[in-house]
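These are the residues of each chain, in order.
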Amino acid sequence: MVQKLEQVETQTKKEEYLLEVKGLKKYFDVTEGLFKKERQYLRAVDNIDFFVRQGETLGIVGESGCGKSTTGNLIMQLLDKTEGEIIFEGVDLSKLKGEALRKKRAEIQMIFQDPFSSLNPRMRVFDIIAEPLKTHGVAKGKELENQVYELMDVVGLDRSYARRYPHEFSGGQRQRIGIARAIALKPKLIICDEPVSALDVSIQSQILNLMSKLQKEFQLTYIFIAHGLPAVKHISDRVAVMYLGKIVEITTKEKLFDQPLHPYTEGLLAAVPIPDPTLRDQKHRIIIEGDMPSPANPPSGCRFHTRCPYAQDKCRSEEPSLIEEKPDHFVACHFPLEKGHGVLIEK
Ligand SMILES: Nc1ncnc2c1ncn2[C@@H]1O[C@H](COP(=O)(O)OP(=O)(O)OP(=O)(O)O)[C@@H](O)[C@H]1O
Ligand code: SF4
Ligand SMILES: [Mg+2]
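So, here is what we can say about the structure in this document. This is a predicted model, so every value here is computed, not measured.

1. A word on the overall build of the chain
Along the chain, the regular secondary structure elements total 14 helices and twelve strands. By the burial criterion, 51% of the 347 residues in the chain qualify as buried.

Take a look at the structure:
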């Protein structure tokens, strides 16, 4: 029997998750005209549930505008949620105030896509990395200097660069500065919002290797946001696929790549090149056509029905819940691939 994600968690809760997101919503008010009575909302994130285990990397993928960054910004408390809970180490962050909130927030850090715009151009590298340490009163004087230099060592930046400004660095080096700053306060969770997508391919793997090394060294937990599945393939333990403000599938990387249950995931996988020609011929590949509809006016029922090659009447009227179709494999689809049209996975 299939169960809703929430039910499964409460019934079989054996482990404490580092982060639990429950019923999270972010509706942006996009009403035009000050005196309009009827408010119009853009449902950027619309009732999502997921958890992240200590030490793992959860990839979040989906097309532009599906709500990935909004999800990250909500967890980081950079945005106010409309509804839902963000539970970090067992504590609902919205219930914390003042010093308690400031301390907890320091345990969650972010690495951004464009390190250039996230680094203050008028500050020297030393001060950029030192800033969080100073703000949180972690170190001063010689001790502060030592910690900044150690952080520079850890991320592979030469100490002689400490007096330089961000514009004097390449993209990859700037991302190293961003990473040094993100790990300065020894956070538990780092939200990485497309951290390598603006970098050259050769530099991307260097930064990903650095992130993996740091994860082991400092027992970090990552949420790794990317547009496509190839970008999360190596770094993720589990992957959540988002579509139009919803999570449509979430499972281990292996299950997602080998046996996707959601037609949208199948479509995203079709965009992943298969180097082996024999395998390439065996795999059925569906192509998702058209653009994602507007989150200000999402389709009825299953939001993917306007682009899904398997859509049926039920899909247009009833919204599918995210349910555990197989152990540790959650999907929001009335006709998940193996059940309704498993033949489509293999020729
Ligand atoms: N401050 C805002 N006000 C109104 N709408 C917003 C705001 N921020 C984001 N949105 C909208 O919310 C939706 C989700 O945006 P979000 O940035 O989370 O998407 P994304 O998945 O990160 O996309 P991308 O891959 O392009 O970064 C989009 O339709 C976006 O236009
Ligand atoms: S619920 Fe229907 S429209 Fe939605 S993904 Fe599943 S088959 Fe496609
Ligand atoms: Mg984004």
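After that view, the rundown keeps rolling.
2. Focus: the packing of helix α7 (residues 171–183) against helix α8 (residues 201–218)
Axis separation between α7 and α8 bottoms out at 10 Å; the angle between their running directions is 15°. Of the possible angle classes, the one that applies to α7 and α8 is roughly parallel. The crossing of α7 and α8 is right-handed. The segment α7 lies against α8, with Gly172, Gln175, Arg176, Ile179 and Ile183 engaging Ile203, Gln206, Ile207, Leu210, Met211, Leu214 and Phe218. A breakdown of the residues in the contact of α7 with α8 according to their chemical character gives eight nonpolar, three polar and one charged.

3. Description of the pairing of strand β11 (residues 323–326)
Both β11 and strand β12 (residues 329–331) contribute to a ladder of three bridges, which runs antiparallel. Bridge assignment links isoleucine 323 to a residue of β12, and that residue is valine 331. The loop that links β11 with its antiparallel partner β12 comprises two residues; one of these, aspartate 328, has a positive phi angle of about 60°.

4. Points about the sheet that holds strand β2 (residues 41–52)
The strands making up a sheet are joined through hydrogen bonds of the backbone, oriented either antiparallel or parallel. The strand order across the open sheet built from four strands is β2-β1-β4-β5, with neighbouring strands paired in antiparallel fashion. Only two strands of the sheet have a single neighbouring strand rather than two, namely β2 and β5 (91–92). Sheet topology note: the strand β1 (residues 19–29)/strand β4 (residues 83–88) ladder contains five bridges and is antiparallel. Within the sheet, the bridge partner assigned to lysine 25 lies in β4 and is glutamate 83.

Thresholds, definitions, all that
Residues numbered from 1 in each chain as written. Chains lettered and ligands numbered in written order. Predicted model: local features only at pLDDT ≥ 70, side-chain atom pairs only at ≥ 80, totals over all residues. Heavy atoms only, no water. Helix = DSSP H or I, 4+ residues; strand = E, 2+ residues; numbered from the N terminus. Buried < 20%, exposed > 50% of the residue type's maximum accessible area, 1.4 Å probe, protein only. Axes fitted to C-alpha atoms, helices over the stretch in contact; angles between N-to-C directions. Parallel < 35°, antiparallel > 145°, perpendicular 65-115°, else oblique. Left-handed = near helix turned anticlockwise from the far one by under 90°. Contact = heavy atoms within 4.5 Å. Nonpolar A, V, L, I, M, F, W, Y, C, P; charged D, E, K, R; others polar. Pairing = 2+ DSSP bridges.

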